[in-house]
Amino acid sequence: LLNNANLWCWISSVPLGCKGSLRNDGVNDCERGNNQWIYRWIFFYGPLWAAILLSGVSMLLTYLSVAQTEKASSKWKNNDTFKYEPTDSALRKKKEKEESDRKHSKQVSSQAFYYLMAFFFSWTPATLTRLIQMVWYKTYYPLILLMAIFTPMQ
């Protein structure tokens, strides 16, 4: 199964454009790597995107937990903004206070966003390349170039 896969040796077929027996009415037109696309998705891209999705769900749950904790702790803070009557400056002060009360959840949300974007930008070009190769049996140079740049940066 390990053959030339554009940039490196990986799960691939020889010749690169062969369909394999599953998509060619039972006729194997590959010298090596029959139905390699199944193995790519089962052993690598499926678990990879499941891990990215699981990371996204974990980040969302972490953010919600921090936001809930901030909301619960805000009732114990000194709330003397409206001791007498609400004025424009008092309303502005209350809004600024509410913004500062959500400081940690904002930090968590931005950190989670950047963490997930690193996954996304690292693996989207490679996934798109393999998806296009699987469906249309073509390889596009710009995607290969992006794959060569971003995949090692993970």
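This one's a predicted model, so the numbers in the text were calculated from it and none came from an experiment.

Draft legend 1. Up close: the environment of Arg102. Topologically, Arg102 is positioned in the loop between helix H2 (88-101) and helix H3 (103-136). For Arg102, a relative accessible area of 38% gives the class partly exposed. Residues Arg102 and Val66 lie 36 residues apart in sequence; the distance between their C-alpha atoms is 9.1 Å.

Draft legend 2. Region of the structure containing the packing of aromatic side chains. Applying the stated rule across the entire model yields 10 aromatic pairs. A ring pair is formed by Trp49 and Phe120, whose centres lie 6.2 Å apart and whose planes are at 80 degrees; its orientation type is edge-to-face. With Trp49 in helix H1 (residues 36-74) and Phe120 in helix H3, this residue pair connects regions lying 71 residues apart in the sequence. A centroid spacing of 5.6 Å and a plane angle of 65 degrees characterise the contact between Phe113 and Tyr114, whose relative ring orientation is edge-to-face. On the basis of relative accessibility, which here comes to 59%, the residue Tyr114 falls in the exposed class. Linked through ring pairs, Trp10, Trp41, Phe44, Tyr45 and Trp123 together constitute an aromatic cluster.

Draft legend 3. Broad picture of the side chain of Asn3. Relative to the assigned elements, Asn3 resides in strand S1 (residues 2-4). One polar contact links Asn3 to Arg32, side chain to side chain, over a distance of 2.8 Å. The residues contacting Asn3, other than those within four sequence positions of it, are Trp8, Cys9, Trp10, Ser12, Ser13, Val14, Arg32 and Gly33.

Draft legend 4. Just unusual backbone geometry, in detail. Residue Val14 is joined to Pro15 through a cis peptide bond whose omega torsion reads -5 degrees. Of note, Pro15 is situated in the loop between strand S2 (9-11) and H1. Positioned with a positive phi, Asn6 is a non-glycine residue whose angle comes to about 75 degrees. Relative to the helices and strands, Asn6 resides in the loop between S1 and S2. With a phi close to 60 degrees, Tyr137 is a non-glycine residue in the positive phi region. Position of Tyr137 among the secondary structure elements: in the loop between H3 and helix H4 (141-150).

What counts, and at which threshold
- Residues numbered from 1 in each chain as written.
- Predicted model: local features only at pLDDT ≥ 70, side-chain atom pairs only at ≥ 80, totals over all residues.
- Heavy atoms only, no water.
- Helix = DSSP H or I, 4+ residues; strand = E, 2+ residues; numbered from the N terminus.
- Buried < 20%, exposed > 50% of the residue type's maximum accessible area, 1.4 Å probe, protein only.
- Phe/Tyr/Trp six-rings, centres within 6.5 Å; stacked < 30°, edge-to-face > 60°.
- Polar contact = N/O pair within 3.5 Å; in protein donor to acceptor, adjacent residues only side chain to side chain.
- Contact = heavy atoms within 4.5 Å.

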